[in-house]
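# Notes for the structure review
As a plain string of letters, each chain reads:
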Amino acid sequence: MSSDPGTGAGRRTVVVTGASAGLGYQAAQQLAAAGHRVVLATRNPEKAVAAERRIRSVVLDAVLEHVHLDLADLDSVRAAADTLATMGPVHAVLNNAGVVGSRERQSTAQGHELQIGTNHLGHFAWTGLVLPMLQATGGRVVHLGSISHRWATLDRNDPLGAGYYNGYRQYARSKLAVMLFGFELAQRLADAGSAVSSVVAHPGLALESLTQAAGAQSRVGSSRTESSRSDPSWIGPGQRLVAQGKDAGAVPLVHASVADDVRSGEYWGPDGWFQLRGRAMVVPAEPRAHDRLEAARLWTASERASGVTFALDALD
């Protein structure tokens, strides 16, 4: 794969979860513009149709498909994986979808806390189920990390956060869990001799209010305004000075999904100050995101909670 998402070994099929809005939408549009076939894996079919229409208004020859996926319902995750298996080869899966900072504790369909249940556990199960499809193509799974992992720790006795709840702390924990899983998966795939790669990427501080209007060509550092409705309430003028639009934030995710210079186990993000904005490059994560003992505890809890076991020995 080339460092330019539009070149290399030709068109690939990339599945993007949460592709109807925000970073997922921007990534889907950039991938389609680069000539890749994009499967929009989304919870809301109407929003998926609207997203497809918007992408096609910009990328006239876009190759788009849709699969229904609700990561907060493990039954939906299994059904989506079954559907995807009928849709032809899959070369990359971008695990982008997520829930951010709910004030009150909410639950998934199976009763797990919503943020870690969606951001981590749903994607954990999804990844385990689609892994054989990626094995068939020597493909790649990309996990959406976050700079918020720097302030997070997991309770070793409660890694899935079933107990004490604080919305934004739980979001940070969910992202640390995503990253622990992504880096640990890379290690286990390598140990199993699998050709599948596992990469973590993050968008920096990416705001909707700095995102270019639909139809404009993506570029890092855009300051055009589309909408600020999805920006966090704590974002002010100072934060906007060091942030970037979601179109620019999607660039490391797209690069991690299809570029040739990406290696399993890497962490891609913006190269600017504090990794808040800038060009896509390999960046450092906090050491706790590479803690294999912590990752093993999380992995065991996740297999138990999801009912999905990774048969990595069968992938070599």
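This write-up is about the structure you can find in this document. (Residues numbered from 1 in each chain as written. Predicted model: local features only at pLDDT ≥ 70, side-chain atom pairs only at ≥ 80, totals over all residues. Heavy atoms only, no water.)

## Structural notes on the overall build of the chain
Looking only at helices and strands, the chain features 8 helices and 10 strands. On the chain, roughly 13100 Å² of surface is accessible, and the fraction owed to carbon and sulfur atoms is 50%. (Helix = DSSP H or I, 4+ residues; strand = E, 2+ residues; numbered from the N terminus. Areas by Shrake-Rupley, 256 points an atom, 1.4 Å probe, with all protein chains shown as cover.)

## Side note on the nonpolar core
Within the largest apolar cluster, 32 residues are counted, with the highest numbers of intra-cluster contacts made by Val15, Leu84, Trp126, Val130, Leu134 and Phe310. Here this core takes 7 residues from helix α4 (residues 114-137), the largest share from any one element. Leave out the neighbours within four places in its chain, and Val130 touches Ala81, Leu84 and Val93. Among the nonpolar cores identified, the runner-up in size contains 30 residues, and Val16, Ala92, Ala259 and Val262 belong to it. (Core = buried A, V, L, I, M, F, W, Y, C linked by side-chain atoms within 4.5 Å. Buried < 20%, exposed > 50% of the residue type's maximum accessible area, 1.4 Å probe, protein only. Contact = heavy atoms within 4.5 Å.)

## Let's talk about helix α7 (residues 246-258)
For the α-helix, the turn length of 3.6 residues means that residues three or four positions removed from each other point alike. The first and last C-alpha atoms of α7 sit 18 Å apart over 13 residues, in line with the 18 Å expected at 1.5 Å per residue. Counting buried residues in α7 gives 12 out of 13 residues, a clear majority hidden from the surface. Residues of α7 that are buried include every one of Lys246, Asp247, Ala248, Gly249, Ala250, Pro252, Leu253, Val254, His255, Ala256, Ser257 and Val258, and no others. (Expected span 1.5 Å × (residues − 1).)

## A few points about the pairing of strand β3 (residues 63-68)
Note: strand β2 (residues 37-42) against β3, 6 bridges, orientation parallel. Each residue of the ladder has a partner; that of Val38, found in β3, is Leu64. In the classification by handedness, the crossover that spans β2, the intervening helix α2 (residues 45-58) and the parallel β3 is right-handed. (Pairing = 2+ DSSP bridges. Right-handed = clockwise from strand over helix to strand, strands pointing away.)

## Re the packing of aromatic side chains
With the rule as written, the count across this model stands at 7 aromatic pairs. Through successive ring pairs, a cluster of aromatic residues spans Phe124, Phe181, Trp299 and Phe310. Above the plane of the ring of Tyr25 lies Arg54, whose end atom (NZ or CZ) is 4.0 Å from the centre. Taking NZ or CZ as reference, Arg188 lies 4.0 Å from the ring centre of Trp299, over its face. (Phe/Tyr/Trp six-rings, centres within 6.5 Å; stacked < 30°, edge-to-face > 60°. Lys NZ or Arg CZ within 6 Å of the ring centre and 35° of its normal.)

## Side note on the side chain of Ser174
By the secondary structure assignment, Ser174 is in helix α5 (residues 167-191). On the basis of relative accessibility, which here comes to 0%, the residue Ser174 falls in the buried class. Excluding anything up to four places from it in sequence, Ser174 contacts Gln115, Ile116, Asn119 and His120.

## Topic: the pairing of strand β6 (residues 197-201)
In terms of burial, β6 is largely enclosed, as 5 of its 5 residues are buried. The alternating pattern of β6 places Ser197, Val199 and Ala201 on one face and Ser198 and Val200 on the opposite face, and all of these are buried. Bridging between strand β5 (residues 140-144) and β6 involves 5 bridges; their strand directions are parallel. In the sheet register, His143 faces β6, and the bridge partner there is Val200. Where the polypeptide runs from β5 across α5 and back to β6, its parallel neighbour, the crossover connection is right-handed. Where β6 and strand β9 (residues 267-270) come together, 2 bridges link them in parallel fashion. Bridge pairing in β9 places Val200 opposite Tyr267.

## Things to note about the sheet that holds β3
Read from one edge of the open sheet, 8 strands run β3-β2-β1-β4-β5-β6-β9-β10, paired in mixed fashion. Across the chains shown, the open sheet's two edge strands, defined by having one partner strand only, are β3 and β10 (280-282). Strand-to-strand, the axes of this sheet are offset by a mean angle of 25°, without reference to chain direction. Helix α3 (residues 74-84) contacts β1 (13-17), β2 and β3 of the sheet and is inclined by roughly 145° relative to β3. (Axes fitted to C-alpha atoms, helices over the stretch in contact; angles between N-to-C directions.)

## Details of the environment of Ala28
Position of Ala28 among the secondary structure elements: in helix α1 (residues 22-33). Looking at Ala28, the relative accessible area reads 0%, which means it is buried. Along the primary structure Ala28 and Gly18 are separated by 10 residues, whereas in three dimensions their C-alpha atoms are 9.7 Å apart. Other than its neighbours up to four places away in sequence, Ala28 contacts Ala19, Val38 and Ile55.

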